[in-house]
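Given next are the chains, with one letter for each unit.
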Amino acid sequence: MAEEVLFTSPSPGFNTVNQEPGKLNLALLRGKVKNYIEKHHYDSAMFWADKLVTLTNENVEDVYWYAQTLYLTGQYHRASHLLRSRKLDQSYSACRYLAAKCHYECKDYQEALDILDGADNEWEELYNDTSQVQSNLNESYEDLDANFPVKDMENSLLLLRGKVYEAMDNRSLAIECYQEALLHDVYCYEALDLLVNHHMLTAEEEIELMESLPFTVQCPEEEIELVKFLYEDRLKKYNGPVKTAIPTNVTGLDKNLDTVVNKAERHYYNCNFSECYRLTLEVLSQDPYNLKCLPLHVAVLTELKKINALFYLAHKLVEFYPNRPISWFAVGCYYLLNEMSNPARIYLSKATTLDKAYGPAWLAYGHSFAAKSEHDQAMAAYFTASQIMRGCHLPALYIGLEYGLTNNAKLAEKFFNEALSIAPNDPFVLHEMGVIAFQSQNYSEAEKSFLAALELVKKVDEKIIPDKWEPLISNLGHVSRKLKKYDVALDYHRKAQCINPNNPSIYSDIGFVYALKGDNYKAVDYFHKALGIRRDDAFSTTMLSNVMEALMLETVPNLGDDDEVPEFPPPTPKFITPAPTTKLDVFSDTMSPVPPADTTSQSTDLNNSDMAIEEIEMDSSN
């Protein structure tokens, strides 16, 4: 290797332009360093970069690349010392960025921020004005950066500053830095991804950000629509049900995995779990460990209760990515699905430790307490999630649910209103607002909220309503019954029955409406159906007894002479003769020969008859 890089005479094939005979080809050595970096041979790159620094008497560019190789090999303090001891961080933006990045990787956030602000803290008075700080710093470095090979560091410095602020829990300044980074360079996708993934902006704020980005200034005309589509496709998907469609001018991206994942996520929030599952499987078949798709796939496996698939996936993730939160999030969801709250909390807590801004783990952690009716602990987890996910309405929604379960309607309504202010078009929030109004006996307001939620659901597909919305349809039936709109109530309950025909509560609801209408025969029929599905349904049992008593009072008694005893003709004796045996055809008046009955098979068929068993159980329950 030494003969290839360090030589005293030119060899064929080497560029020897303007090179004096007998001197080292330093340009070739620099090319070797960069080539080894591209090939991920970092130790080789570091070796030759170190020699270049000595041979060139600490040329700034060579020192920078030597620091890069130290950073790439994880020697962060060495890299920072190399740059700062020569005060390069005070002269060149690229060196300042690299030195601050080293301290960020070491989680020495305050030191990283000091480097970004300037080692002498000369702009300390502007500490809280990120844009002005960056402007002043850029003016100081502008002349020297003009001759440095690594240019346009403004967006990188702002992005790193935002990461530091976020790590220090100063989210408001982090949001400003990310937005400024996007304004400096609209192609800086990482800034947008952090804003969206960490739920830093509300849906309205995201729209305002998109409108403020200078696409027409920084993008070629043919790329404007492409960049806009890709960015808008990443924005809020849980804000409300929306139709999934790709614009005709970018149809070439319909097979791109990121686009498919975004489409699957929209299906998930539209409660179309089967289609979401199909799309995530399609993505993972091509890219089995796609980190953008995996959280969604874990969520849809949990919704569809695919325990075995979730166990296998969680096992693989822990094996391959033990230091990523998605692995332990999958394990926690597996235990949560198996109703094992304690181990679920342990692993979900580990996921939040690895990334405290990992929103799905915080929400699932709260669910683990809510599943056991531990409302205080659940709300504590949701409150933490609300502080981390400022632009997400789900923590406020779940806090409101917990307050509703503890019969604190006022606080529940407060948090539902907060969730509604963040996501005004989410039918889940409108549904819960209707539930609170119903419990407060404000039935007209409840009906209004339920109907608004139903309209939003129908915007996606007017013909097919997902199973997830069966409670909404049933609640519309309840509120219509309270408003004495019995026919409307029956219509909603029958729609709910079509969505979920195995829910005994729906049959009880229909029976109750028929009882209120005075149609006791149909009421009895539906209460029997409810009890046929769930024998221990206390409401159906009580209502069935009441309706049967009402039927007894309605039955007209026999008006004949009570003392007259009816006479029946004596039974005609029947003689059994050998085969062929005859059997009465109950559908005609003729006698038809049939073979002798097999009593053994009859007994077996009776024992295996579902109808016979159900009738016996029904009698015993009454």
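Conventions used here
Residues numbered from 1 in each chain as written. Predicted model: local features only at pLDDT ≥ 70, side-chain atom pairs only at ≥ 80, totals over all residues. Heavy atoms only, no water. Helix = DSSP H or I, 4+ residues; strand = E, 2+ residues; numbered from the N terminus. Contact = heavy atoms within 4.5 Å. Areas by Shrake-Rupley, 256 points an atom, 1.4 Å probe, with all protein chains shown as cover. Salt bridge = Lys/Arg side-chain N within 4 Å of Asp/Glu carboxyl O. Buried < 20%, exposed > 50% of the residue type's maximum accessible area, 1.4 Å probe, protein only. Axes fitted to C-alpha atoms, helices over the stretch in contact; angles between N-to-C directions. Parallel < 35°, antiparallel > 145°, perpendicular 65-115°, else oblique. Left-handed = near helix turned anticlockwise from the far one by under 90°. Nonpolar A, V, L, I, M, F, W, Y, C, P; charged D, E, K, R; others polar. Expected span 1.5 Å × (residues − 1). Phe/Tyr/Trp six-rings, centres within 6.5 Å; stacked < 30°, edge-to-face > 60°. Lys NZ or Arg CZ within 6 Å of the ring centre and 35° of its normal. Core = buried A, V, L, I, M, F, W, Y, C linked by side-chain atoms within 4.5 Å.

Engineer: What's the story with the overall build of the protein chain in this structure? I'm lost.
Structural biologist: Counting its regular elements, the protein chain contains 33 helices and two strands. Put simply, of all contacts in the protein chain between residues at least 6 apart along the chain, 54% involve residues at least 24 apart. As displayed, the protein chain offers around 34,300 Å² of accessible surface, 52% of which is attributable to carbon and sulfur atoms.

Engineer: I'm lost on the pattern of salt bridges in this one. Help?
Structural biologist: Opposite charge on two side chains permits them to pair, given that their charged atoms come into close proximity. Enumeration according to the criterion identifies 25 salt bridges in this entry. Notably, a salt bridge pairs Arg 84 with Asp 89, separated by 3.9 Å at the nearest N-O pair. You can call Arg 84 partly exposed: its relative accessible area is 28%. A single network of salt bridges, built from pairs that share partners, joins Glu 166, Asp 169, Arg 171 and Lys 356.

Engineer: I would appreciate a short explanation of the packing of helix 26 (residues 443–460) against helix 27 (residues 470–482) in the present structure.
Structural biologist: Two elements in contact, helix 26 and helix 27, have axes separated by 10 Å at closest approach and are oriented at 150 degrees. The angle between the axes of helix 26 and helix 27 places the two elements in the roughly antiparallel class. When you trace helix 26 past helix 27, the crossing you get is left-handed. From helix 26, Tyr 443, Ala 446, Glu 447, Phe 450, Leu 451, Ala 453, Leu 454 and Val 457 reach across to helix 27, where they touch Leu 472, Ile 473, Asn 475, Leu 476, Val 479, Ser 480 and Lys 482. Split into classes, the residues belonging to the contact of helix 26 with helix 27 amount to eleven nonpolar, two polar and two charged.

Engineer: Help me understand helix 7 (residues 109–117) in this model?
Structural biologist: Taken residue by residue, helix 7 has Ala 112, Leu 113, Ile 115, Leu 116 and Asp 117 as its buried positions. Backbone geometry just downstream of helix 7 places Gly 118 in the positive-phi region, at approximately 110 degrees.

Engineer: Which parts of the structure should I look at to understand the packing of helix 15 (residues 257–269) against helix 16 (residues 273–286)?
Structural biologist: If you want to describe how two helices pack, look at the angle between their axes and the distance between the axes. Where helix 15 contacts helix 16, the two axes come as close as 8 Å, and the packing angle between them is 160 degrees. Here helix 15 lies roughly antiparallel to helix 16, going by the angle between them. Note on packing geometry: the crossing formed by helix 15 with helix 16 is left-handed. Of the residues in helix 16, those touching helix 15 at Leu 257, Val 260, Val 261, Lys 263, Ala 264, His 267 and Tyr 268 are Phe 273, Glu 275, Cys 276, Leu 279, Thr 280, Val 283 and Gln 286. For the contact of helix 15 with helix 16, a count of residues per class yields nine nonpolar, three polar and two charged.

Engineer: Where do I start with helix 2 (residues 26–38) in this structure?
Structural biologist: Residue pairs three or four apart in sequence face the same way in an α-helix, which turns once every 3.6 residues. Over its 13 residues, helix 2 runs 19 Å from end to end, which matches the ideal 18 Å to within 8%, given 1.5 Å per residue. Taken from the residues just after helix 2, His 40 is the one with a positive phi, measuring 65 degrees.

Engineer: I would appreciate a short explanation of the packing of aromatic side chains in the present structure.
Structural biologist: Taken as a whole, this structure holds 26 aromatic pairs when the rule is applied. Residues Tyr 514 and Tyr 526 carry aromatic rings whose centres are separated by 5.7 Å and whose planes lie at 20 degrees to one another, so their mutual orientation is stacked. Of the two residues, Tyr 514 is situated in helix 29 (residues 504–517) and Tyr 526 in helix 30 (residues 520–533); the sequence distance between them amounts to twelve residues. Comparing Tyr 514 with Tyr 526, the two get one shared label, buried. One aromatic cluster is present, built from ring pairs that chain together Phe 311, Trp 328, Tyr 334, Tyr 335 and Tyr 347. If you follow Lys 51 out to its NZ or CZ, it ends over the ring of Phe 47, 3.8 Å from the centre. Sitting over the ring of Phe 415, Lys 414 keeps its end group 5.6 Å from the ring centre.

Engineer: What is the right way to read the nonpolar core from this model?
Structural biologist: Soluble globular proteins tend to bury their nonpolar side chains together. With 72 residues, the main nonpolar core has Val 298 and Phe 329 as its most contacted residues. Take this core: its biggest share by element is eight residues, from helix 19 (residues 325–337). For Phe 329, the residues in contact, after removing those within four places along its chain, are Pro 295, Val 298, Leu 348, Ala 351, Tyr 358, Pro 360, Ala 361 and Ala 364. Counting residues in hydrophobic clusters, the runner-up holds 65 residues, among them Leu 29, Leu 158, Ala 174 and Val 196.

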